[in-house]
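Geometric and topological summary
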Amino acid sequence: MTSIISATHRPNSYTHRVASWLYRELQNEIPNLQFIDLQDLPHTFLFDDLYGKRSEAFGKMEKQLRNTGKFLFVVPEYNGSIPGVVKLLIDALPRDVFSGKKAAMAGVSSGKFGNLRGLEHLNGIFNYIQLHTLPFRAHLPRIETVISPEGEITDAAAEKELRILMERFAAF
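Residues numbered from 1 in each chain as written. Predicted model: local features only at pLDDT ≥ 70, side-chain atom pairs only at ≥ 80, totals over all residues. Heavy atoms only, no water.

The five strands are arranged S2-S1-S3-S4-S5 in an open sheet whose pairing can be described as parallel. Of all the strands in the sheet, the pair left with one neighbour each is strand S2 (33-37) and strand S5 (132-140). Between one strand axis and the next, the sheet turns through 15 degrees on average, direction left out of account. By the bridge criterion, six bridges tie strand S4 (residues 102-108) to S5 in an arrangement that is parallel. Following the sheet pairing, Ala106 is matched in S5 by Ala138. Docked against the sheet, helix H3 (residues 56-66) engages strand S1 (2-6), S2 and strand S3 (70-76), running at close to 140 degrees with respect to S2. Lying on the sheet, helix H6 (residues 156-171) is in contact with S1, S3, S4 and S5; it crosses S5 at an angle near 165 degrees. (Pairing = 2+ DSSP bridges. Helix = DSSP H or I, 4+ residues; strand = E, 2+ residues; numbered from the N terminus. Axes fitted to C-alpha atoms, helices over the stretch in contact; angles between N-to-C directions. Contact = heavy atoms within 4.5 Å.)

This is the structure:
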């Protein structure tokens, strides 16, 4: 199983649009591709699903993640790093959900670096939990100028960056 993860719980986000675009582009090329949206985390996740406790709703997401061999995280920049919900998700799960598996990353930001710093932070976490990462990372700066409200990539450089990521991810 391969999972594309929209790594924010913010509604109507650019991250969701990019992750959805990647899903549409890859669904015919990668068998057993699934879309995991952190908006689907239970609203009580912070208190109900940590330290070994599991709600039914989070248990379903844990199963999806556990059955995944390759992850593609689309991660927005929040205050020069990653959304806290991504770190909380990782902290809530046993390490074996990720250990020994593979991940690729795409960074999304309104700034000019496409979440370069945040992906470095996340890569450090992935190294710690032994999640092997694809060295190439897509960076989408000034995201509001490269994707339409309908979820279509409108910038040739951004599309090229994503296509390189998809090609390398499929071969990883």
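Right, picking up where we left off after that structure.
With the rule as written, the count across this model stands at five aromatic pairs. For the ring pair Phe71 and Phe98, a centre distance of 5.3 Å and an interplane angle of 50 degrees mean the geometry is tilted. Of this pair, Phe71 sits in strand S3 while Phe98 sits in the loop between helix H4 (84-92) and S4, and the two are 27 residues apart along the sequence. By relative accessible area, Phe71 is classed as buried at 0%. For Phe98, a relative accessible area of 1% gives the class buried. Through successive ring pairs, a cluster of aromatic residues spans Phe71, Phe73, Phe98 and Phe126. Here the guanidinium or amino end of Lys102 rests over the ring plane of Phe172, the centre of that ring lying 5.0 Å away. (Phe/Tyr/Trp six-rings, centres within 6.5 Å; stacked < 30°, edge-to-face > 60°. Buried < 20%, exposed > 50% of the residue type's maximum accessible area, 1.4 Å probe, protein only. Lys NZ or Arg CZ within 6 Å of the ring centre and 35° of its normal.)

With that settled, the discussion passes to the packing of helix H1 (residues 14-26) against H6. Packing of H1 against H6 leaves a shortest axis separation of 11 Å and a crossing angle of 55 degrees. By the angle between their directions, the pair H1 and H6 is classed as oblique. Handedness of the H1/H6 crossing: right-handed. Facing Val18, Trp21, Leu22, Glu25 and Leu26 of H1, the residues of H6 in contact are Glu159, Leu162, Arg163 and Met166. Residue composition of the contact of H1 with H6, grouped by class: six nonpolar, no polar and three charged. (Parallel < 35°, antiparallel > 145°, perpendicular 65-115°, else oblique. Left-handed = near helix turned anticlockwise from the far one by under 90°. Nonpolar A, V, L, I, M, F, W, Y, C, P; charged D, E, K, R; others polar.)

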